[in-house]
Amino acid sequence: MPNVRFTWNQEGQVTALAEPPDDVLADYLAEEVRNDSRQCRRLLDIIRALRRGSHSCWLAEGEAWHVNLTKGRAVIESEFAVPGRARELTLGEFEELVQSWLRFLETPR
């Protein structure tokens with residue numbers, strides 16, 4: 001399981017922190033998903049659809065990151081041409097990460 005820590009920054013915004021290679025996941029959550037619980041739920045719905053076989057793959061191109069999901073894998077890559085800014089994990093690990101982020105967002109400070 002990736003090692004990503006969730007916290008609040010000095011401005012009171014939610015953020016994620018991690019050492020390489022999990023820094024890609026932390027940056028994806030903080031920069032792309034942000035504090036949007038609707039986006040977390042949408043990602044979880046897509047993961048469930050992949051598990052059911054309703055879709056064979058799903059690609060989302062965001063502002064700074066894109067995510068490619070298949071029934072077994074999740075690949076998160078930077079939209080910018082920065083070598084090494086990608087992270088691959090199992091779909092289950094990605095699902096657990098998104099669920100953890102959602103729980104953190106919904107927990108009162």
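The structure under discussion appears in the preceding block.
Residues numbered from 1 in each chain as written. Predicted model: local features only at pLDDT ≥ 70, side-chain atom pairs only at ≥ 80, totals over all residues. Heavy atoms only, no water.

1. Here we look at unusual backbone geometry
- A cis geometry characterises the amide bond from P20 onward to P21, with omega recorded as 5°.
- Note that P21 resides in the loop between β2 (14-17) and α1 (23-33).
- Phi is positive for R34, close to 55°, though the residue is something other than glycine.
- Note that R34 resides in the loop between α1 and α2 (37-52). (Helix = DSSP H or I, 4+ residues; strand = E, 2+ residues; numbered from the N terminus.)

2. Overview of the pattern of salt bridges
- Taken as a whole and assessed by the stated rule, the structure comprises nine salt bridges.
- One salt bridge connects D22 with R87, and the closest N-O pair in it is separated by 2.7 Å. You can see D22 sitting in the loop between β2 and α1 and its partner R87 sitting in strand β6 (residues 86-90), a full 65 residues away along the chain.
- Owing to a relative accessible area of 8%, D22 belongs among the buried residues under this scheme.
- The partner of D27 in a salt bridge is R85, with the nearest N and O atoms 2.4 Å apart. Taken together, the positions of D27 in helix α1 and R85 in the loop between β5 (73-78) and β6 put the pair 58 residues apart, joining distant regions of the chain.
- Taking the relative accessible area as the measure of exposure, D27 reaches 23% and is therefore partly exposed.
- If you follow the salt bridges from partner to partner, you end up with D23, D27 and R85 in one network. (Salt bridge = Lys/Arg side-chain N within 4 Å of Asp/Glu carboxyl O. Buried < 20%, exposed > 50% of the residue type's maximum accessible area, 1.4 Å probe, protein only.)

3. Remarks on the pairing of strand β1 (residues 5-8)
- Looking at chain direction, β1 and β2 are connected through four bridges and run antiparallel. Counted as the bridge partner of W8 is V14 from β2.
- Between β1 and β2, which pair antiparallel and follow one another directly, the connecting turn spans five residues, one of which, G12, has a positive phi of 85°. (Pairing = 2+ DSSP bridges.)

4. Here we look at the side chain of D22
- Among the polar contacts listed, one links the side chain of D22 to the backbone nitrogen of N3, at a separation of 2.8 Å.
- For D22, the side chain forms a polar contact with the side chain of R87, separated by 2.7 Å.
- When residues no more than four places from it in sequence are discounted, the contact partners of D22 are P2, N3, V4 and R87. (Polar contact = N/O pair within 3.5 Å; in protein donor to acceptor, adjacent residues only side chain to side chain. Contact = heavy atoms within 4.5 Å.)

5. A closer look at the sheet that holds β6
- Strand order in this open sheet of four strands is β3-β4-β5-β6, and the pairing throughout is antiparallel. The open sheet has two free edges, formed respectively by β3 (57-61) and β6, since each of these has just one partner strand. The sheet shows a mean angle of 10° between the axes of neighbouring strands, direction not considered.
- Bridge count between β5 and β6: five bridges; the pairing is antiparallel. (Axes fitted to C-alpha atoms, helices over the stretch in contact; angles between N-to-C directions.)

6. A word on the side chain of R85
- A polar contact is formed between the side chain of R85 and the side chain of D27, at a distance of 2.4 Å.
- Residues contacting R85, with those up to four places away along its chain left out, are D23, V24, D27, W65, I76, E77 and S78.

7. Topic: the packing of aromatic side chains
- Per the counting criterion, the structure on display carries four aromatic pairs.
- In this structure an aromatic cluster arises from ring pairing among F6, W8, W101 and F104. (Phe/Tyr/Trp six-rings, centres within 6.5 Å; stacked < 30°, edge-to-face > 60°.)

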